[in-house]
Amino acid sequence: MKTTARLTSHLSCTIFTALVIPLVGLTGGCSPSNSTTPPTTAPSSDDSNGKPTDAAVIIYCSIDREFAEPILADFEKSSGVRVHRQYDTEAGKTTGLVNRLLAERENPRADVWWSSEIFGTMQLADQGILAPFRPESATEIPDRYRDSSDRWTAFGLRGRVIAYDPKRVSAADLPKRWADLTDARFKRRFALADPRFGTTRGHMATLYQLWGPEQLSNWYEDLRANEFRRADGNSLAVLLVTRGTVDFAATDTDDVIVARERGNSIAMCFPDHDPPDGSRQIPGSLWIPCSAGLVSGARHRSAAESLLNHILSVETERQLALSDSKNVPVRASITAALDAEPGRPPFSNTFANPDDTLPDGRAKPFPYEAKVDYAEAAAVLSASDRLVVDVLLR
Amino acid sequence: MAALLLRILTIFGAATLLGSVGVCVGILVAQVPRGPVDGQPLWPTESLQISLLHTIWMAVTATFAALLISLPATIGISIGRPRGRRIITAITVLPLVTMPSVYAYATLLITNSNFEMLRRATDAIGWNRPEFAPMHAGLVLAWWLWPIPALLLAAAYRHAGAPAYRLASLDASPVKAFLRGALPPMRESLLAAAAAVFILAAIDSTVPPFMAAARVWGVELMADAREASSTARPGAYLFFRAWPLVAVVMLIGIVVLQGAKRMADWGGTSSDADTGRDTPLARRAFYTAAALAFLAATLPIWIYAFSMFDGRYGFLESFSSAWTSGQRAIGSSVIVALVAAACTVAIAIALLDDPRWPSWTRMIRTFAVVLIVMVALFPPAVISTALIAFFSSAKISPSDRWNLYDNTPAAWVAAMICRYAFLPVLVAKFANRRIPDELPGQAATDGAGRWMSLLHARLPRLWMPILAAGLLVAGLSLNEVPASSQLQPAQWGGGSIAVWTDDQMHFGRHNRTTALALMMMTPGLAAVTMLMLSARRWRTSTRANANCTPDNPG
């Protein structure tokens, strides 16, 4: 009895020491390599009916849960494939899941990546996390929204806008350009989400690419001097407007629409992207598409391809356009069909704002996009992050 | 049979510890000695120094404010009659079993109120200036963490403050007697309480983003984790970013270890010993303290209740919609919280020692405690990155039909153990030290072996504090956001309810948030109340056991 007791006691202690060395060896082998070569992907294995042969598929999704759920549920119903979903927190949109995809790169768990923006997806593709796959359902999607190597496809645009309360702010008070936000009249009246996360991150990288680091740095300094308010995510920036703490907030179109549907007095405007020194004219707004792609080394490749076909289908893009998110379809045919549908106001009117005519009096095209190269903006993400930390959030 | 179960529990605790804290330590040991990653500076850059300063400012604010907010509850628990004391203790624990973001969002609602006057007032005092954001975050953290000093100080009061209070209350009002008579002899515990709040505030990454405190360590490391994942040694990258904060926090941790002896008495705060004087003045002081403690603990609920009808759902509909959409997440989160609590209790028991045991076994146990405390000091981004790298590796979870990482919450539970195991472990450690050596010594003289002595002489005196700490681990795990969002398994359960609730807040759904907060707080409150009520029976039986000697078997 005594011997057994001693043995057990020693066992519980030596379990630490006896396993520490192999554990260290094991954990030492867990660090991801810097290789950018994508792991080999298994060939598609659909059966003769085109149905996926996998019973389940794993998706990492940074689309708001509320908007993604019906689409994924439809897929489950029509295909019989179970979709295991992983969502991100609202504040750190895409960051958490991007971290996870990178950390899992040696032994990928996700099959499909569906992001609420495009810049992080481009970075993932460059790091070898996404594999080439051209979904059949996405043939109508314009080339601007496709990767030349088919590692991702984009769709369903959301605009970067300035939200305001039309009861408190007159049309004349609205900023015409993003650069105007450093004017004295916006002092203590403007809120911005943390620019290291979500669509705000991509927007700041776009400004970095369009304006150059020097002008952007000066703009950040002036924004700081103007005492802008920081917010934890775009929807909380909108909350600050609806509760009257600030008069303007940089956010996405869907956050404004959701607040409006809840009965808040809120509207949005679409400032141009001319640089602060006025050296160039860059009219139009930044419209950021969602993006989706196949994860390299997906274990449920057949179901993943099927799910990607579903996500990138005309029906899904139409569903997103009709949801509270009101994503603008990249397929012009869907917008035209929605505008023409009887019994509901034209879809394009969703984004009507006081400044929707061009200087020559013609109506602005819809969506009125600034000429932005997504790839160039994605390439400066890290540099843009550093500038944000060093100047704007100093 | 009981001794056999105890041995199994000990081995289970040791294995669990290895699979959680051991993994993080292993990753660091494997990656850190090779130095910083790709020219990463060893000494904090100017930008990091700013983060460090902001973090310390936030933690110091939280510490002072938490001590202040905890005073009414401390006074209430200390001077109240037994029944009232138990009720206040249960109320006091409530914030700790609630998500910190519930408090952050409530603050956001109140400070961004539609009331023009309130807004002007907050503007006038400079509340809304961005440079005060760390202070805002500190105040919210204090609102969440104040139970820790309240419980520690109340426990200390029973041991050191009560006699001084009795003397002082002969010629002073109850509050004055408490502040001037009872507090000074409790300064050791006061220091421990302050240090505990400082540490938890410094490594928090849930509240600061809400309060727009972007430049604090917990938030910085969320963004850093993205960079880290792209490097060959993410653990080392994050370690060399986080080390200055960890060093500061470890220094403070040493103070905690010195002063945290009173933590052992958490389970005993509901002693039936009447330490107060039943005078009208004392009763008034008690009721005022109880009301203030109740207000501090439940204020977010009232704030949400007043904003309840902003959303698209009515009151009852809020509960049904919250339940319908969140029930799977509630189920899986409760399982993870309970498993994490059970594992940490097992770890605490596995690390119990006895002066008569061989010194090398005691040294290993002490070393394990140090590692547990050290890992708990790392921000959740560091812990998550290490656990993902380990559990998703092909060696641990090969890509077959079923594996630990995708089909079980093992990594999620491991993260909760890494973050919160220090609570039961330290409680058990200090409670164990307080057990007089005569009883185990007598048991040994009578021929009881190591396990029988542990089982019959020590554990009966340790169960309640360890279980109380385990309950806190369950509450904290249920409400943890950053690590939970990273480690929810892809093919098990319905995700984390804390992450889900966090999303509801970001969408401004006060009604669902309130419904969820109530749903999550109620079981916690019920469990704490039950524990407090059963404490009386436990203490009675403990006293009876303590009176038993071989000559007088009771």
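Keep in mind that what you see is a predicted model, and the values were worked out from it rather than measured.

To continue, consider the overall build of chain A. What chain A contains, in helices and strands, is 13 helices and 10 strands. Across chain A, every contact between residues at least 6 apart in sequence was considered, and the portion connecting residues at least 24 apart equals 74%. Carbon and sulfur atoms provide 52% of the accessible area of chain A, an area that totals close to 14200 Å².

All right, on to the overall build of chain B then. Secondary structure assignment for chain B yields 24 helices and 0 strands. A buried classification covers 64% of the 554 residues belonging to chain B. Long-range contacts, defined here as pairs at least 24 residues apart, represent 84% of the contacts in chain B between residues at least 6 apart. If you sum the accessible surface of chain B, you get close to 20200 Å²; carbon and sulfur atoms cover 68% of it.

We now examine the side chain of Thr316 of chain A. Residues and elements named next belong to chain A. Tracing the backbone through its elements, the reader meets Thr316 in helix α10 (residues 314–322). Here the side chain of Thr316 touches Ser313 through a polar contact of 3.1 Å, side chain to side chain. When near neighbours in sequence (up to four residues on either side) are disregarded, Thr316 contacts Ile71, His310 and Ile311.

A word on the environment of Ala2 of chain B. Position of Ala2 of chain B among the secondary structure elements: in helix α1 (residues 2–31). Taking the C-alpha atoms as reference, Ala2 of chain B lies 9.5 Å from Trp451 of chain B; in sequence the two are 449 residues apart.

The subject of this paragraph is helix α11 (residues 332–340) of chain A. For an α-helix the count is 3.6 residues per turn, leaving residues at separations of three or four pointing the same way. All names here are of chain A. Among the residues of α11, those classed as buried are Ile334, Thr335 and Leu338. Projection of α11 onto a plane perpendicular to its axis shows the buried side chains occupying an angular sector of 100°, all on one side. Exposed and facing more than 90 degrees away from the buried side of α11 are Ala332 and Ala340. Of the surrounding secondary structure, the elements contacted by the buried residues of α11 are α10.

Attention now moves to unusual backbone geometry. Residue and element names in this part refer to chain A. Phi is positive for Arg188, which is not a glycine, with a value near 60°. Position of Arg188 among the secondary structure elements: in the loop between β5 (153–164) and β6 (190–193). Even without a glycine there, the phi angle at Glu227 is positive, about 55°.

Residue and element names in this part refer to chain A. One pass over the structure, following the stated rule, counts 29 salt bridges over all chains. Residues Arg85 and Glu69 are paired through a salt bridge, measuring 3.1 Å at the closest nitrogen-oxygen approach. Highlighted residues: Arg85 in strand β2 (residues 82–87) and Glu69 in helix α2 (residues 65–79), separated in sequence by 16 residues. Taking the relative accessible area as the measure of exposure, Glu69 reaches 27% and is therefore partly exposed. Glu369 is paired through a salt bridge with Arg144; the nearest N and O atoms lie 3.0 Å apart. Placement of the pair is Glu369 in the loop between α11 and α12 (374–379) and Arg144 in the loop between β4 (130–131) and β5, with a sequence separation of 225 residues. Counted as one network, the salt bridges with shared partners bring together Asp165, Arg168, Asp173, Arg189 and Asp247.

Should the sulfur atoms of two cysteines be covalently bonded, the bond is a disulfide. Residue and element names in this part refer to chain B. Throughout the structure, instances matching the rule amount to 0 disulfides over all chains. A disulfide-free cysteine, Cys343 has its sulfur positioned 11 Å from the sulfur of Cys418, the nearest such atom. With relative accessibility at 5%, the residue Cys343 sits in the buried group.

On to the packing of α2 of chain A against helix α9 (residues 301–311) of chain A. All names here are of chain A. One can describe the packing of α2 onto α9 by two numbers: an axis separation of 10 Å at closest approach and a directional angle of 125°. As the angle between them shows, α2 and α9 are arranged oblique. At the point where α2 passes α9, the crossing takes the right-handed sense. The segment α2 lies against α9, with Ile71, Leu72, Asp74 and Phe75 engaging Ala303, Ser306, Leu307 and His310. Here the contact of α2 with α9 is built from residues that sort into 5 nonpolar, 2 polar and 1 charged.

The next point concerns the confidence of the model for chain A. Across chain A, pLDDT averages 83, with 84% of residues at or above 70. Confidence over residues 1–5 of chain A falls short of pLDDT 50; this stretch has 4 contacts with residues more than four positions distant or in other chains.

Here the focus is the nonpolar core. The biggest cluster of nonpolar side chains holds 165 residues, and the ones touching the most others in it are Tyr105, Leu145, Trp146, Ile372 and Leu387 of chain B. Element by element, the count of residues in this core is highest for helix α14 (residues 315–350) of chain B, at 12 residues. Membership of the second largest hydrophobic core comes to 117 residues, among which are Val81, Leu124, Ala304 and Tyr374 of chain A.

Glancing now at the packing of aromatic side chains. Residue and element names in this part refer to chain A. Here the structure, examined in full by the defined rule, presents 13 aromatic pairs over all chains. Between the aromatic rings of Tyr145 and Tyr374, the centroid separation amounts to 6.4 Å while the plane-to-plane angle is 45°, which identifies the pairing as tilted. Taken together, the residues Tyr145 in the loop between β4 and β5 and Tyr374 in helix α12 connect sequence positions 229 residues apart. The exposure class of Tyr145 is buried, given its relative accessible area of 5%. Geometrically, the ring pair formed by Trp211 and Trp219 is edge-to-face, given 5.2 Å between the ring centres and 85° between the ring planes. Residue class for Trp211 comes out buried when judged on its relative accessible area of 6%.

How each quantity is defined
Along each chain, residue indices are assigned from 1 in the same order as the chain's sequence is written. Lettering for chains starts from A, numbering for ligands starts from 1, and both go in the order in which the items are written. Given that the model is predicted, a residue must reach a pLDDT of at least 70 before its local features are reported, and side-chain atom pairs must reach 80 or more before they are shown or counted; all residues, however, enter totals for whole chains, interfaces and linings. Note: side-chain values were computed over all heavy atoms of the structure, leaving out hydrogens and water. To qualify as a helix, a DSSP run of H or I must reach at least 4 residues; to qualify as a strand, a run of E must reach at least 2; elements of each kind are numbered from the N terminus. By definition, residues are in contact when any of their heavy atoms lie within 4.5 Å. Residue exposure ignores everything except the shown protein chains as possible cover, and the areas themselves are Shrake-Rupley values with a 1.4 Å probe. Each residue is placed in one exposure class: buried if its accessible area under a 1.4 Å probe, protein chains only, is under 20% of its type's maximum, exposed if it is over 50%, and partly exposed if it falls in between. Pairing of N or O atoms within 3.5 Å defines a polar contact, subject to two protein rules: one partner must be a possible hydrogen donor and the other a possible acceptor, and residues neighboring in sequence count only if both atoms are side-chain atoms. As used here, the arc belongs to the directions running from the helix axis to the C-beta atoms. Each reported salt bridge corresponds to a side-chain nitrogen of Lys or Arg within 4 Å of a carboxyl oxygen of Asp or Glu. The disulfide definition used here is simple: a pair of cysteine sulfur atoms within 2.5 Å. Here an angle of 0 to 180 degrees is reported between the N-to-C directions of two axes, which are lines fitted to C-alpha atoms, with helices fitted over the stretch in contact. In what follows, roughly perpendicular refers to angles from 65 to 115 degrees, roughly parallel to angles under 35, roughly antiparallel to angles over 145, and oblique to any angle outside these ranges. In this scheme, a crossing is called left-handed if the near helix is turned counterclockwise away from the far one by less than a right angle; it is called right-handed if the turn is clockwise. For this scheme, ten residues count as nonpolar: Ala, Val, Leu, Ile, Met, Phe, Trp, Tyr, Cys and Pro. Four count as charged, namely Asp, Glu, Lys and Arg, and the remainder, Gly too, count as polar. pLDDT measures how confident the predictor is about each residue, on a scale from 0 to 100. The set of buried Ala, Val, Leu, Ile, Met, Phe, Trp, Tyr and Cys residues whose side-chain atoms join them within 4.5 Å is what this entry labels a nonpolar core. Under the pairing criterion, centres of Phe, Tyr and Trp rings, with the six-membered ring standing for Trp, must be within 6.5 Å; the plane angle then separates stacked pairs below 30 degrees from edge-to-face pairs above 60, leaving the rest tilted.

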